[in-house]
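Residue strings, one per chain:
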Amino acid sequence: METRRSTEEVEDNHVMQIPGSNGILHNMEFLPQAYLRNQYSSEIDIHEEFVSSYPHEDAPLPIFLKFEDVEYKVRNSQASSANLVKTMVSKVVTHTSPDPDGYKHILKGITGSTGPGEILALMGPSGSGKTTLLKIMGGRLTDNVKGKLTYNDIPYSHYVKRRIGFVTQDDVLLPQLTVEETLVFAAFLRLPSSMSKEQKYAKVEMIIKELGLERCRHTRVGGGFVKGISGGERKRTSIAYEILVDPSLLLLDEPTSGLDSTSATKLLHILQGVAKGGRTVITTIHQPSSRMFYMFDKLLLISEGHPAFYGKAREAMDYFSSLRILPEIAMNPAEFLLDLATGQVSDISLPEEILATKTSQPDSEDYLQLKYRTDLEPKEKEENHRNRKAPEHLQIAIQVKKDWTLSWWDQFMIIFRRTFRERRRDYFDKLRLVQSLGVALVLGLLWWKSKTDTEAHLRDQVGLMFYICIFWTSSSLFGAVYVFPFEKIYLVKERKADMYRLSVYYVCSTLCDMVAHVLYPTFFMVIVYFMAEFKRTVPCFVFTLLTILLIAITSQGAGEFLGASVLSIKRAGMIASLVLMLFLLTGGYYVQHIPKFMQWLKYLSFMHYGFRLLLKVQYTGDQLFECGSKGGCRTLQSSSSFDTVNLNGGLEELWFLLAMAFGYRLCAYFCLRRKISICHL
């Protein structure tokens, strides 16, 4: 109650009263230098309780974050456009001139600092650079960044990565898992191995209750085309996902989006508790309520990439009053600051320096940026960047690599269960089963009790074998090519947080997907094999089935390689279609005598090896046919269908397929590692 009363008193003092037509009633006159002395007298003190509590097994590593003159730019797409006419027209329409270096500058010299126990709010209009700055702080953006950014006075390194929690604006959660499953798997992957299973479950239970997720704990998260929890519940689940592991530095991008005022305030109370536990919390915020505004410890106001204010949130209104910039009507402080940042000053009283400009629209933004550069920034750099240093033991601790909480095998067991639970609805899809069984029945009826007594019948049966190769090659290839492009955002998020080894994820993904690539071809072949009356011996059936499974598994590896090489749904599908067409043409059925200058293609085609292996398993060279013809019996090897296949030549194709199945996966893993390392959310 005392906290609420003090908050309301602050609001009453800072929400300006409507005076009338001549200006605003203000009880005291603020002077800029007097404000600055109060503002910086106690700025970023080293909190002894947080420093002294480390090292301790339950205490997080305190992180003092300082950023000075941070700039960021991106390449201007117009500058690099090859269409000069389009570029010039766009410049005329937008009335803009290109930067001399061909880049668009997003951040233009941002300076500030924060420490454990504090919540720093990054506020500004849409497109001002809040999220960009947050990503730079979290190590998500490193290219084209200038300025100085330190953690306990040490530059960013991969050692810091596992001590940072990052909640993105778009909720990146696996849609098929329930809320409870999402948090339990995160707890088992990220919490220290010193905690027992019961302690990890207890922590998940506590987080669920704190964030009000009890009602939806057994509901799928959903997203996209999957029905699930509401947007507000999904946002709270994303925050719970990061809070769960007690990061030393917690970064949140628009955490209150989609929440009502009460839920947003409750969430901020939770973040205050997280900060008071010795953690540094930084969040972007668009337009908080008055109560939420005064719950922030520090505020950084950004206008078009420039800093307009940095300091204690409770003293923001005092600072602008000292500049004689006052609201003429009662308004939320956050609304007042956003109006200033965007230049919307219709209901704001401005000093004579701004009104004296000859432009029709007073330029408050340039004035605020100038005042920040001359009044606030020098003090911030002097007080908190030059004279205050993090304790030496914290500088050493931030450079110590945080080991994996679990071994490779333990991570494998957890990720395998999570992956299987996430994809099991796809594996056991009724439509997929009906497709496999339906195609098998149609093929069995079309080739009912097929024979090999004549050349025509033999060619029919060989055609069936090639079609089986086509069906399972295309099914497995397209079933695997979209896996990594679809899961890219989840993988990037979790890899940026170092949740698990990439090798663990890849092995679990390919092994789980093998369930479908083994199960359905088995059902398929049991039906087709006996309806088409292939050779009825146990060894022949087993080897034929194993050959089809090997073709499917090799196709899966090829699909994974193509998908991992581009990580784009559209491009992966186009490349897969092209590769499949080439492999079909060089498979050995449509064209047996390929010109010499094109023969290299067939050696890249796993269908070529798979089809030859099927023929060798099913037929023998000395088997007789055409016994009722005038010429008498002939051996199968003399048939034109086997001109390029030696039916008694051994099973060397088996080793080629095994090498391809392994080689494609090895290439897929390294492509995935390279692509994920350069991807950003």
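Quantities reported herein were computed from a predicted structural model and do not represent experimental measurements.

Chemist: When you look at the overall build of the protein chain in this model, what are you seeing that I'm missing?
Modeler: A count of helical and extended segments in the protein chain gives 25 helices and 14 strands. In the protein chain, buried positions account for 53% of the 681 residues. The contacts of the protein chain with a sequence gap of at least 6 include a subset with a gap of at least 24, amounting to 77%. Accessible area of the protein chain: about 31,600 Å², with a carbon and sulfur share of 58%.

Chemist: Help me out: how do you make sense of the UniProt feature "transmembrane region" (unreviewed entry) in the protein chain in this one?
Modeler: UniProt annotation of "transmembrane region" (unreviewed entry) refers to residues 431–448, 464–484, 504–530, 536–553, 574–591 and 654–672 when read in the numbering used here. Taken as a whole, residues 574–591 contains 67% helix and 0% strand, while its terminal C-alpha atoms sit 24 Å from one another. Helix makes up 100% of residues 654–672 and strand 0%, whereas the separation of the span's terminal C-alpha atoms amounts to 27 Å.

Chemist: How should the side chain of Asp513 be read in this particular structure?
Modeler: The topology assignment puts Asp513 in helix 21 (residues 502–531). Under the relative-accessibility criterion, Asp513 is labelled buried at 6%. At 2.5 Å, the side chain of Asp513 and the side chain of Tyr427 are in polar contact. If sequence neighbours within four positions are ignored, Asp513 has contacts with Arg423, Tyr427, Val483 and Gln556.

Chemist: Teacher, can you tell me more about the pattern of salt bridges here?
Modeler: Oppositely charged side chains may form a pair once their charged atoms are brought near each other. Counted according to the given criterion, the structure contains 18 salt bridges. A salt bridge links Arg418 to Glu494; the shortest N-O distance between them is 2.8 Å. You can see Arg418 sitting in helix 16 (residues 408–427) and its partner Glu494 sitting in helix 20 (residues 488–496), a full 76 residues away along the chain. Each member of the pair, Arg418 together with Glu494, is buried. Members of the salt-bridge network, linked through shared partners, are Arg612, Lys616, Glu652 and Glu653.

Chemist: So what exactly am I meant to see when it comes to the pairing of strand 7 (residues 249–253) here?
Modeler: Here is the key point about a regular strand: its side chains alternate between the two faces of the sheet. Counting buried residues along strand 7, 5 of its 5 residues qualify, which places the element largely inside the surrounding structure. Side chains of strand 7 alternate between two faces, with Leu249, Leu251 and Asp253 and Leu250 and Leu252 buried alike. As defined by bridge partners, strand 6 (residues 164–167) adjoins strand 7 across 4 bridges and the pair is classed as parallel. Along strand 7, the bridge assignment pairs Ile164 with Leu249. Alignment of strand 7 against strand 8 (residues 280–285), held across 5 bridges, turns out to be parallel. By the bridge assignment for strand 8, Leu250 is matched with Val281. Remark: the strand 7/helix 9 (residues 261–276)/strand 8 crossover connection has right-handed handedness.

Chemist: Just checking my understanding: could you explain the nonpolar core for this structure?
Modeler: Nonpolar side chains in soluble globular proteins tend to end up buried together. With 130 residues, the main nonpolar core has Phe320, Ile325 and Leu672 as its most contacted residues. Top contributing element to this core by residue count: helix 6 (residues 179–190), with 8 residues. Counting 57 residues, the second largest nonpolar core, distinct from the first, contains Met465, Ile470, Met525 and Phe642.

Chemist: Help me out: how do you make sense of unusual backbone geometry in this one?
Modeler: Excluding glycine, residues mostly have negative phi values, and the peptide bonds linking residues are mostly trans. The residue Asp69 is not glycine, and still its phi comes out positive at about 55°. Considering the arrangement of structural elements, one finds Asp69 in strand 1 (residues 65–75). You can call Asp69 partly exposed: its relative accessible area is 28%.

Reading guide: rules and limits
- Residues numbered from 1 in each chain as written.
- Predicted model: local features only at pLDDT ≥ 70, side-chain atom pairs only at ≥ 80, totals over all residues.
- Heavy atoms only, no water.
- Helix = DSSP H or I, 4+ residues; strand = E, 2+ residues; numbered from the N terminus.
- Buried < 20%, exposed > 50% of the residue type's maximum accessible area, 1.4 Å probe, protein only.
- Contact = heavy atoms within 4.5 Å.
- Areas by Shrake-Rupley, 256 points an atom, 1.4 Å probe, with all protein chains shown as cover.
- UniProt positions renumbered as here; feature names shortened; annotations may be inferred.
- Polar contact = N/O pair within 3.5 Å; in protein donor to acceptor, adjacent residues only side chain to side chain.
- Salt bridge = Lys/Arg side-chain N within 4 Å of Asp/Glu carboxyl O.
- Pairing = 2+ DSSP bridges.
- Right-handed = clockwise from strand over helix to strand, strands pointing away.
- Core = buried A, V, L, I, M, F, W, Y, C linked by side-chain atoms within 4.5 Å.

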